[in-house]
Every structure is written in structure tokens, then in C-alpha cells.
Amino acid sequence: MVAAAGEDDRVMSALRHGLGLTSPHLRSTAYLLLAAARTRQLGVADVEAVLRSGLSRIPSSRGGSWPWPELRLTYANGRVPEALIRAGIALDDPRTVDRGLSLL
């Protein structure tokens, strides 16, 4: 994981680069959030903007009885709620944590 690099400038550069890549794929965004949340845990400054921007790219649920933000489940589905939970904890945002827990 990029956060293990331990060099704040390199880590933030990698995260910002990842943030600049606007992937339409939910799991790509989830992995970016996981790296950013871990980086925040390691004490890297300025990662809050990366977390907030990444969270804004996670679609809301489609409503009704299907809470998942996609029409169907595919692969690595557990990473999406994990990313929401970890990002919510990193930002001290209970609503985001609750959203992740509800997807589980």
C-alpha cells in the first residue's frame, strides 16, 4: 500500500495523482479511500481533502430495498463498505461510518 512508504510528500503525491484519475469504477475509488484513511492514521498531513473528494465519488444507494450503489454485486464488494467505514473513522464522520455499516 502506498501509505507504507512513510514519506509524506511521496504519499500525498501518489494520493493526489490517484484522486485526479476519475475512474468510473467504484472499487478503484474504494481502494483510494483505504489508502488515504491509512495515510491519515499514519499522521500524514493534508489527507482530509483526498478523503472528502473520494467520498464524494461513492454513489448513493439506489433507494428502495436495494441499498447497494450499483445494480448488482460483482467482485471485492467488501472493500466498498470497508472504505466508507475507515474513511468515516479517519474524518470522525459517524454518518459515513453508518453508511458503510448499512452496506455490510
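Higher on the page you've got the structure.
Source: prediction; values computed, not measured.

Q: Describe in detail the side chain of Arg-27, supporting the description with residues and values.
A: With respect to the helices, strands and loops of the structure, Arg-27 is situated in helix H2 (residues 26-41). A residue is classified by how much of its surface remains accessible, and Arg-27, at 4% relative accessible area, is buried. One polar contact links Arg-27 to Thr-74, side chain to side chain, over a distance of 3.0 Å. The contact partners of Arg-27, leaving out residues within four places of it in the chain, are Trp-68, Glu-70, Thr-74, Tyr-75, Ala-76, Asn-77 and Val-80.

Q: Run through the layout of surface pockets, naming residues and quoting values.
A: One number sums up the size of the second largest pocket: a volume of about 150 Å³. Residue lining of the second largest pocket: Arg-52, Leu-55, Leu-84, Asp-93, Arg-95, Thr-96 and Arg-99, and that is the complete set. Contributions of two or more residues to the lining of the second largest pocket are made by helix H3 (48-56) and helix H5 (94-103). Looking at the lining of the second largest pocket residue by residue, the class counts come to 2 nonpolar, 1 polar and 4 charged.

Q: Run through the nonpolar core, naming residues and quoting values.
A: In terms of nonpolar packing, the biggest core is built from 19 residues, with Leu-33, Leu-51, Leu-55 and Val-80 touching the most fellow members. Here this core gets 6 residues from one element, more than from any other, and that element is H2. Setting aside its immediate chain neighbours within four residues, Val-80 contacts Leu-26, Arg-27, Ala-30, Trp-68 and Leu-103.

Q: Kindly report on H5, identifying the contributing residues and their values.
A: Because each turn of an α-helix spans 3.6 residues, side chains separated by three or four positions in sequence point in the same direction. Along H5, the positions that sit buried rather than exposed are Thr-96, Val-97, Gly-100 and Leu-103. End-on, the buried residues of H5 take up no more than an arc of 125°, which puts them together on one face. In H5, the exposed positions that point more than 90 degrees away from the buried face belong to Pro-94, Arg-95 and Ser-102. Packed against the buried residues of H5 are H3 and helix H4 (79-90). A side-chain oxygen of the first residue of H5 lies 3.2 Å from the backbone nitrogen of Arg-95; this N-cap is Asp-93.

Definitions and limits used
Residues numbered from 1 in each chain as written. Predicted model: local features only at pLDDT ≥ 70, side-chain atom pairs only at ≥ 80, totals over all residues. Heavy atoms only, no water. Helix = DSSP H or I, 4+ residues; strand = E, 2+ residues; numbered from the N terminus. Buried < 20%, exposed > 50% of the residue type's maximum accessible area, 1.4 Å probe, protein only. Polar contact = N/O pair within 3.5 Å; in protein donor to acceptor, adjacent residues only side chain to side chain. Contact = heavy atoms within 4.5 Å. 1 Å grid on protein atoms, 1.4 Å probe; cavity = no way out; pocket = protein on both sides within 12 Å on 5 of 7 lines; lining within 4 Å. Points joined across faces, edges and corners; volume = space filled by probe spheres on them. Nonpolar A, V, L, I, M, F, W, Y, C, P; charged D, E, K, R; others polar. Core = buried A, V, L, I, M, F, W, Y, C linked by side-chain atoms within 4.5 Å. Arc of directions from axis to C-beta.

So, to be careful, I would describe these as geometric facts and stop short of saying anything about function.
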